[in-house]
Amino acid sequence: MRLLVSVTDADEARLAVAGGVDVVDVKNPAEGSLGAPVPAVIEAVRAVVPPGRPVSVAIGDMPHLPGTAALAAAGAARCGADYVKVGLWGSSTEEEAVALLGAVREAAGDGAAVIAAAYADAERARGLPPQSLVAAARRSGVTGCLLDTAVKDGRGLFEWLAGEELAALVAEAHGAGLEVALAGALRAEDLPAVRATGADIAGVRSAACRDGRRTAPLDPARIRRLRALCATPIRDATPDERTELEALQLRGSRAR
């Protein structure tokens with residue numbers, strides 16, 4: 001499982017790279033869960049991220065405006081995004097989501113892969129129900145799915161969906177040939193459970209920041225530890241790593 005860390009500018013991107021992150025994700029939290037950065041920020045981040053290291057870009061918690069979404073996707077791709085993430089905030093039905101995602105995919109072209117994002121807490125936020133995410137992504141021909149949380153109030157992914165439900169969603173997506181990323185206030189102790197779902201990518205922000213506060217500076221040492229938790233199955237860990245992983249799994253299960 002790969003580690004994605006969200007950054008807000010080039011300085012944070014450098015810290016994420018120093019920590020060995022697999023995917024550098026650019027977004028503007030001031031504009032929402034998947035808030036869009038300005039083009040200059042995307043270009044600056046792409047300039048400091050080594051070639052071959054993917055950069056993903058959020059283009060917003062998008063209202064159901066396919067033309068607006070397409071224009072944003074084209075801009076992100078031309079600024080250097082490898083992945084374009086679109087939050088299905090205003091597309092409340094599968095048909096609407098397919099229409100919007102199709103417009104985004106066409107606009108991104110061959111330059112960037114499109115990731116359809118839905119919200120685990122859709123019951124308290126507008127948007128596509130998580131249960132419709134895979135079907136909409138498959139029908140629109142995009143590359144993958146992201147399940148995140150819309151409201152950043154400390155309630156994480158596992159407070160909205162159980163591990164078994166997430167594993168079923170991941171299996172459905174893989175059966176359709178789609179990549180899957182899971183995010184939403186994930187902590188270090190959640191990562192073994194995320195990996196157990198079969199997800200391809202775990203996305204974090206707060207867990208990678210000093211003191212675990214999403215507004216604090218990124219901490220490369222924390223990122224290295226998170227990446228190790230993503231990449232090291234318990235069966236392959238050293239005795240010390242195995243002890244830590246098992247302790248984190250226990251803490252995570254108790255918290256849930």
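Residues numbered from 1 in each chain as written. Predicted model: local features only at pLDDT ≥ 70, side-chain atom pairs only at ≥ 80, totals over all residues. Heavy atoms only, no water.

**Description of the overall build of the chain**
Summing up its helical and strand segments, the chain has 9 helices and 8 strands in all. Relative to the globule expectation of 18 Å for 256 residues, the C-alpha radius of gyration of the chain, 17 Å, shows essentially globular dimensions. Overall, the C-alpha framework of the chain stretches about 55 × 40 × 30 Å when taken along its three principal axes. Burial analysis of the chain (256 residues in total) assigns 53% to the buried set. Taking the intrachain contacts of the chain between residues at least 6 apart in sequence as the baseline, contacts between residues at least 24 apart amount to 68%. Carbon together with sulfur atoms contributes 51% to the accessible area of the chain, which is approximately 10700 Å² in total. Computed over 29 positive and 33 negative side-chain charges, the inter-centroid distance for the chain is 4 Å. (Helix = DSSP H or I, 4+ residues; strand = E, 2+ residues; numbered from the N terminus. Rg over C-alpha atoms; globule rule 2.2 N^0.38 Å. Buried < 20%, exposed > 50% of the residue type's maximum accessible area, 1.4 Å probe, protein only. Contact = heavy atoms within 4.5 Å. Areas by Shrake-Rupley, 256 points an atom, 1.4 Å probe, with all protein chains shown as cover. Lys, Arg positive; Asp, Glu negative; His and termini not counted. Charge placed at Lys NZ, Arg CZ, Asp CG, Glu CD.)

**Focus on the pattern of salt bridges**
According to the stated counting rule, one finds 15 salt bridges in the structure shown. Measuring nitrogen to oxygen at the nearest pair gives 2.8 Å for the salt bridge that ties Arg-124 to Asp-153. Here Arg-124, found in the loop between strand 5 (113-119) and helix 5 (133-140), pairs with Asp-153, found in the loop between strand 6 (144-148) and helix 6 (163-175); they are 29 residues apart in sequence, far enough to count as distant. Put simply, Asp-148 and Lys-152 hold a salt bridge, and the shortest N to O gap is 2.8 Å. In this structure Asp-148 comes out as buried when scored by relative accessible area, which is 3%. Each of the salt bridges in this network shares a partner with another, and the network as a whole consists of Glu-94, Glu-95 and Arg-139. (Salt bridge = Lys/Arg side-chain N within 4 Å of Asp/Glu carboxyl O.)

**Some words on the confidence of the model for the chain**
The predicted coordinates ought not to be read in detail in places where the model reports low pLDDT. Summarising the model, the chain shows a mean pLDDT of 91, and 90% of its residues fall at 70 or more. Across residues 248-256, confidence stays below pLDDT 50; counting only partners more than four residues off in sequence or on other chains, it has 12 contacts. (pLDDT = per-residue confidence, 0-100.)

**Regarding the packing of aromatic side chains**
Under the counting rule described, the total for this entry stands at 1 aromatic pair. Aromatic pair Trp-89 and Tyr-119: ring centres 5.5 Å apart, planes at 85°, arrangement edge-to-face. Placement of Trp-89 in the loop between strand 4 (83-88) and helix 4 (94-108) and of Tyr-119 in strand 5 is noted, with a sequence separation of 30 residues between them. (Phe/Tyr/Trp six-rings, centres within 6.5 Å; stacked < 30°, edge-to-face > 60°.)

**A short note on the side chain of Asp-25**
Along the chain, Asp-25 falls in strand 2 (residues 23-26). Side-chain polar atoms of Asp-25 contact the side chain of Lys-85, separated by 3.0 Å. The residues contacting Asp-25, other than those within four sequence positions of it, are Leu-4, Val-5, Ser-6, Val-7, Ser-56, Val-57, Ala-58 and Lys-85. (Polar contact = N/O pair within 3.5 Å; in protein donor to acceptor, adjacent residues only side chain to side chain.)

**What to know about the packing of helix 1 (residues 10-18) against helix 8 (residues 220-231)**
Across the interface, helix 1 lies against helix 8 with an axial gap of 8 Å and an inter-helix angle of 45°. When the axes of helix 1 and helix 8 are compared, the pair comes out oblique. Crossing handedness for the pair helix 1 and helix 8: right-handed. Counting all contacts with helix 1, which are made through Leu-15, Ala-16 and Ala-18, the residues of helix 8 involved are Pro-220, Ile-223 and Arg-224. Classifying every residue of the contact of helix 1 with helix 8 by side-chain character gives 5 nonpolar, no polar and 1 charged. (Axes fitted to C-alpha atoms, helices over the stretch in contact; angles between N-to-C directions. Parallel < 35°, antiparallel > 145°, perpendicular 65-115°, else oblique. Left-handed = near helix turned anticlockwise from the far one by under 90°. Nonpolar A, V, L, I, M, F, W, Y, C, P; charged D, E, K, R; others polar.)

**Quick notes on the state of the cysteines**
A full pass over the atoms with the stated rule returns 0 disulfides. The thiol of Cys-145 is unpaired, and the distance to the nearest cysteine sulfur, on Cys-230, comes to 19 Å. (Disulfide = S-S within 2.5 Å.)

**Quick look at helix 4**
Taking 1.5 Å as the rise per residue, helix 4 with 15 residues should run 21 Å; its terminal C-alpha atoms sit 21 Å apart, in good agreement. Along helix 4, the positions that sit buried rather than exposed are Ala-97, Val-98, Leu-100, Leu-101, Gly-102, Val-104 and Ala-108. In the core, the buried residues of helix 4 are packed alongside strand 3 (55-62), helix 3 (66-78), strand 4, strand 5 and helix 5. Count one or two residues on from helix 4 and you reach Gly-109, which has phi positive near 65°. (Expected span 1.5 Å × (residues − 1).)

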